[in-house]
Amino acid sequence: MKSIELIRNFLTDRQGIETAKVVPEAFLADLGVDSLMMLELVFEFEDQLGIKLPHDLKSPKTVGEMVALMDGLNTSQKG
């Protein structure tokens, strides 16, 4: 599963957000992602992609930043 799809599914399931609104330039805060939901999303990435996220993870501001972060970690950890 691609990172953008995971984010779209997560936000649709938990927030009822239309998938068409979950685009790279969308701000996570505008989509209702607060600090608690960000943690849930991070745990979802860990479970779905089998990656371990660092504890000092810089919180992304947009969907695109989140995708880039997850894709980079996925690539570096799975080689």
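Structural notes, computed from the coordinates. (Residues numbered from 1 in each chain as written. Predicted model: local features only at pLDDT ≥ 70, side-chain atom pairs only at ≥ 80, totals over all residues. Heavy atoms only, no water.)

1. Topic: the environment of Leu 49
Point 1. Relative to the assigned elements, Leu 49 resides in helix H2 (residues 35-49).
Point 2. The sequence separation of Leu 49 and Glu 65 amounts to 16 residues, and the corresponding C-alpha distance is 17 Å. (Helix = DSSP H or I, 4+ residues; strand = E, 2+ residues; numbered from the N terminus.)

2. Regarding the packing of H2 against helix H3 (residues 63-78)
Point 1. Orientation of H2 relative to H3, taken along the N-to-C sense of each, is 35°, at an axis distance of 12 Å. Relative to H3, the crossing made by H2 is right-handed. When H2 is examined against H3, the residues Met 38, Leu 41, Val 42, Phe 45 and Leu 49 are found in contact with a partner set consisting of Met 66, Met 70, Asn 74 and Lys 78.
Point 2. Its residues assigned to classes, the contact of H2 with H3 shows seven nonpolar, one polar and one charged. (Axes fitted to C-alpha atoms, helices over the stretch in contact; angles between N-to-C directions. Left-handed = near helix turned anticlockwise from the far one by under 90°. Contact = heavy atoms within 4.5 Å. Nonpolar A, V, L, I, M, F, W, Y, C, P; charged D, E, K, R; others polar.)

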